[in-house]
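# Examining the three-dimensional arrangement
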Amino acid sequence: MTKEFSTVGVFGKRDSLDYEPLRIIAELLIKSGRQVLLEKKPAEALSLGEGFTRDEIGKKSDLIIIYGGDGTFLGVSRRMAHYDVPFIGINAGRLGFVTDIPSDKMVEEFFRPIPPFSA
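Predicted model only: the values in this text are computed from it and were never measured.

Further remarks concern the nonpolar core. Val10, Ile25, Leu29 and Ile65 are the most contacted members of the largest nonpolar core, which has 16 residues in total. Among the secondary structure elements, those contributing two or more residues to this core are strand S1 (7-11), helix H1 (20-31), strand S2 (35-38), strand S3 (63-68) and strand S4 (87-91). With four residues, the single largest contributor to this core is H1. Among the nonpolar cores identified, the runner-up in size contains ten residues, and Leu37, Ile57, Ile64 and Phe73 belong to it.

Pasting the structure below:
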């Protein structure tokens, strides 16, 4: 069974004012027909609505994308764990032990077409 991720929560580094990576992620998701939920500060900075609280994002999301280092990933995932939503981490830090995708490869790795399944 496959689950369609129609509503995606996107988080970035908590104190960062560099919203460009979040803009790229949001635009790609919106172009693919998904609703994007951002926290209030980045949503307003990117002119993508008023934004949501972390709890609202956790309740409404089918998938959560976390852009940041391992600390950001662990902090957000800890807060969102009780919503039983899958996470994808895009590494903007140095090491990336926990995050899945390096930031310089996020477009081609995360948004590449998935080949059809053959039995």
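Now that the structure has been shown, we can carry on.
Before going further, it helps to spend a moment on the pattern of salt bridges. Between side chains of opposite charge, a pair can form as their charged atoms come close. Tallied over the entire structure, the rule returns four salt bridges. Arginine 23 serves as the salt-bridge partner of glutamate 20, at 2.2 Å between the closest nitrogen and oxygen. Placement of both glutamate 20 and arginine 23 in helix H1 is noted, with a separation of three residues, approximately one turn of the helix. For arginine 23, a relative accessible area of 26% gives the class partly exposed. In this structure, the salt-bridge partner of aspartate 55 is arginine 79, at a minimum N-O distance of 3.5 Å. Of this pair, aspartate 55 sits in helix H3 (residues 54-60) while arginine 79 sits in helix H4 (residues 70-80), and the two are 24 residues apart along the sequence. By relative accessible area, which is 29% here, aspartate 55 ends up partly exposed. Connected through shared salt-bridge partners, Glu20, Arg23 and Glu27 make up one network.

Another aspect to go through is H4. Looking at H4, one finds that the buried residues are Asp70, Thr72, Phe73, Val76, Ser77 and Met80. Seen along its axis, H4 keeps its buried residues to an arc of 155°; they face one direction. Facing away from the buried side of H4 by over 90 degrees, the exposed positions are Gly71 and Arg78. Where H4 is buried, its residues contact S1, H3, S3 and S4.

Attention shifts here to the pairing of S3. Counting buried positions over the six residues of S3 gives six, a clear majority of the element. Note that S1 and S3 share four bridges and pair parallel. In the sheet register, phenylalanine 11 faces S3, and the bridge partner there is isoleucine 66. As paired elements, S3 and S4 share five bridges and run parallel to each other. If you follow isoleucine 66 over to S4, its bridge partner there is glycine 89. On the question of chirality, the crossover connecting S3 to the parallel S4 by way of H4 is right-handed.

Reading the values: rules and limits
Numbering of residues begins from 1 in every chain and follows the order in which that chain's sequence is written. The model is predicted, so local features are restricted to residues of pLDDT at least 70 and side-chain atom pairs to those at 80 or more, both for listing and for counting; the totals for chains, interfaces and linings are taken over all residues. Remark: hydrogens and water are excluded; side-chain values derive from all non-hydrogen atoms of the structure. Only buried residues count toward a nonpolar core, which is a set of Ala, Val, Leu, Ile, Met, Phe, Trp, Tyr and Cys residues joined through side-chain atoms within 4.5 Å. Partly exposed describes any residue whose relative accessible area lies between the buried limit of under 20% and the exposed limit of over 50%, with all areas from a 1.4 Å probe on protein chains only and scaled to the type maximum. Helix and strand assignments follow DSSP, with helices taken as H or I runs no shorter than four residues and strands as E runs no shorter than two, numbered in order from the N terminus. Any Lys or Arg side-chain nitrogen located within 4 Å of an Asp or Glu carboxyl oxygen qualifies as a salt bridge. Arc, as used here, means the arc of the directions from the helix axis to the C-beta atoms. Any pair of residues with heavy atoms lying within 4.5 Å of one another is described as a contacting pair. For two strands to pair, DSSP has to find at least two bridges joining them. Consider the strands pointing away from the viewer: the crossover is right-handed when the path from the first strand over the helix to the second runs clockwise.

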